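What follows is each chain in one-letter form.
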Amino acid sequence: MSTNEWPLWEVFIRSKQGLNHKHVGSLRAPDATLALENARDVYTRRSEGISIWVVESAHIHATDIDDVASFFEPSDTKIYRHPTFYEVPDGVKHM
Amino acid sequence: MTQAEQEIRFQEKIDREIKIEPNDWMPDEYRQTLIRQISQHAHSEVVGMLPEGNWITRAPNLRRKAVLLAKVQDEAGHGLYLYSAVETLGTSREQTIDDLHSGKAKYSSIFNYPALTWADIGTIGWLVDGAAIMNQVALCRTSYGPYARAMVKICKEESFHQRQGYESLTKLCNGTPQQKAMAQDAMNRFWWPALMMFGPSDADSTHSDQSIKWKIKRFTNDELRQNFVDATVAQAEILGLTIPDPNLKWNEARGHYDFSEINWDEFWQVVKGNGPCNKERLAARVKAKEEGAWVREAASAFAKKRDMKKSA
């Protein structure tokens, strides 16, 4: 049996209260308990975190790289969603 | 899109400083170059633990021992960041490690030199980590995203590695004549191997041009080596140590230090496996993997058993 059979885990760390968990890297471990302990040893040796999530990489679903242009097209074509699209007379304040 | 069109688009992305991510199209040679370079880098971190690990039980006091332990633990972490980065290129972790053990993959030749005295540990921190940092800072802007991110993390952590080594040497250099002599002896043995860490000279470097074009590398081996020499001379003067090179001299016109030609025969001998410790280092890695096999198997068996209980 080899380490190859250990699943790959993605590691997310919350660095302090008020911030969201952020992806920091990955590691291999036989189960969630060891994945968390390894993540602590590998990614938080200098007080980088107060909370860790680990997720088996196989459980992550991602956008298709070849489909990026059409997938995100709706958000690229609607410039009126940005405040800078609108003209406001000079002198208007607090807007 | 044809292969040629994809290659043009790829190069345009590189030229516009857009990072390449794992699922992006990339030329096969770009992928192979990265696999070779990042895995070599990972192996260097891991093999680099051996000469220092050997001194943990013999550190002269508890402070130095705790520091050395922390440094060696960092190197293990750095190896892991890099093995993860290699894996994003579609290789298997196990195969990458087996390639080291079979001798197919290389690691930095510096770790094939022995750490004979306590002064060697300080010198390794100062010169070897110093040279590594010079190289790694440049790699923080490499074009492959996962490699660049690993490098940023590594650079943040490594600055203490160089400083603790230098601090340790300041104590020896301000100590007894014997301690000072021990530091000079370490310097004499590590100076040239440290300069060799930057790899063959640009004229003899097979991969350099393409790597620069793809922005895998931002500086050539010789440029980084020169920067390292320029930065290190003054540090040696403060320690009162003599750099073992009679031709080392400031060149006003170039704005750099001149230094002697490296003994490239020695460099290639060590790369080819004939350095003082090549066999010992590889044997130690193979032994660690083999003797740790039961731990990995037990962990897998335990995980499986618990899963079965849960589903029962």
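Rules of the game
Residues numbered from 1 in each chain as written. Chains lettered and ligands numbered in written order. Predicted model: local features only at pLDDT ≥ 70, side-chain atom pairs only at ≥ 80, totals over all residues. Heavy atoms only, no water. Helix = DSSP H or I, 4+ residues; strand = E, 2+ residues; numbered from the N terminus. Rg over C-alpha atoms; globule rule 2.2 N^0.38 Å. Buried < 20%, exposed > 50% of the residue type's maximum accessible area, 1.4 Å probe, protein only. Contact = heavy atoms within 4.5 Å. Areas by Shrake-Rupley, 256 points an atom, 1.4 Å probe, with all protein chains shown as cover. Axes fitted to C-alpha atoms, helices over the stretch in contact; angles between N-to-C directions. Parallel < 35°, antiparallel > 145°, perpendicular 65-115°, else oblique. Expected span 1.5 Å × (residues − 1). Arc of directions from axis to C-beta. Buried area = accessible area lost by both parts, 1.4 Å probe. Salt bridge = Lys/Arg side-chain N within 4 Å of Asp/Glu carboxyl O. Polar contact = N/O pair within 3.5 Å; in protein donor to acceptor, adjacent residues only side chain to side chain. Pairing = 2+ DSSP bridges.

Colleague: What's the story with the overall build of chain A in this structure? I'm lost.
Modeller: The helix and strand tally for chain A stands at three helices and three strands. In chain A, the order of α-helices and β-strands from amino to carboxyl end is β-β-α-β-α-α. In terms of overall size, chain A is more extended than a compact globule, its C-alpha atoms giving a radius of gyration of 21 Å where 95 residues would be expected to give roughly 12 Å. Seen through its principal axes, chain A has C-alpha atoms that stretch 70 × 35 × 15 Å. Within chain A, the fraction of its 95 residues that count as buried is 25%. Considering only contacts in chain A between residues 6 or more positions apart, those separated by 24 or more positions represent 43%. Split by element, the accessible area of chain A, about 7100 Å² in all, is 55% carbon and sulfur.

Colleague: What is the right way to read the packing of helix α1 (residues 32-43) of chain A against helix α4 (residues 62-87) of chain B from this model?
Modeller: Each packed pair of helices is defined by two parameters, the angle between the axes and the distance between the axes. In contact at an axis separation of 9 Å, α1 of chain A and α4 of chain B are set at 110° when each is read in the N-to-C sense. In terms of orientation, α1 of chain A lies roughly perpendicular with respect to α4 of chain B. Contact with α1 of chain A, carried on its side by D41, V42 and Y43 of chain A, involves Q73, L80 and Y81 of chain B of α4 of chain B and no other residues of that element.

Colleague: Looking at this structure, I do not really get helix α11 (residues 264-274) of chain B. What am I missing?
Modeller: One full turn of an α-helix is made of 3.6 residues, so residues set three or four places apart face in the same direction. When α11 of chain B is considered as a whole, its buried residues turn out to be W264, F267, V270 and G273 of chain B. On the buried face of α11 of chain B, the contacting elements are α8 (177-196), α10 (221-239) and α12 (278-291) of chain B.

Colleague: Looking at this structure, how should I read helix α1 (residues 3-15) of chain B?
Modeller: All names here are of chain B. Counted at 1.5 Å a residue, the expected span for α1 with its 13 residues is 18 Å, and the 18 Å between its end C-alpha atoms agrees. Buried within α1 are the following residues: F10, Q11 and I14. Take α1 and look down its axis: the buried residues cluster within an arc of 95°, on one side only. The exposed residues of α1 that point more than 90 degrees off its buried face are I8 and R9. Phi turns positive one or two residues past the end of α1, at E17, with a value near 65°.

Colleague: I'm lost on the interface of chain A and chain B in this one. Help?
Modeller: Interface extent is often summarised as the accessible area lost during association of the parts. Counting residues at the interface gives 21 residues for chain A and 24 residues for chain B. Interface area, chain A with chain B, both sides summed: about 1900 Å², of which 49% is carbon and sulfur. At the junction of chain A and chain B, the tally comes to six salt bridges. Here E157 of chain B and R45 of chain A are joined by a salt bridge, their closest N and O atoms 2.8 Å apart. Where chain A packs against chain B, one counts 10 residue pairs in polar contact (both at pLDDT 80 or more). Elements with a minimum of two residues in the side of chain A that touches chain B: β2 (22-28) and α1 of chain A.

Colleague: Quick question: what am I supposed to make of the sheet that holds β2 of chain A here?
Modeller: As a general point, the strands of a sheet are linked pairwise by backbone hydrogen bonds and lie either parallel or antiparallel. Residues and elements named next belong to chain A. The antiparallel open sheet is built from three strands, whose spatial order is β2-β1-β3. What marks the edges here is a single partner per strand, and that holds for β2 and β3 (51-56). Adjacent strand axes in the sheet meet at a mean angle of 30°, parallel and antiparallel pairs treated alike. As judged from the six bridges shared by strand β1 (residues 8-14) and β2, these two strands associate in the antiparallel manner. Across the sheet, the residue bridging to W9 is L27, located in β2. The sheet strands contacting α1 are β1, β2 and β3, and the helix crosses β2 at an angle near 115°.

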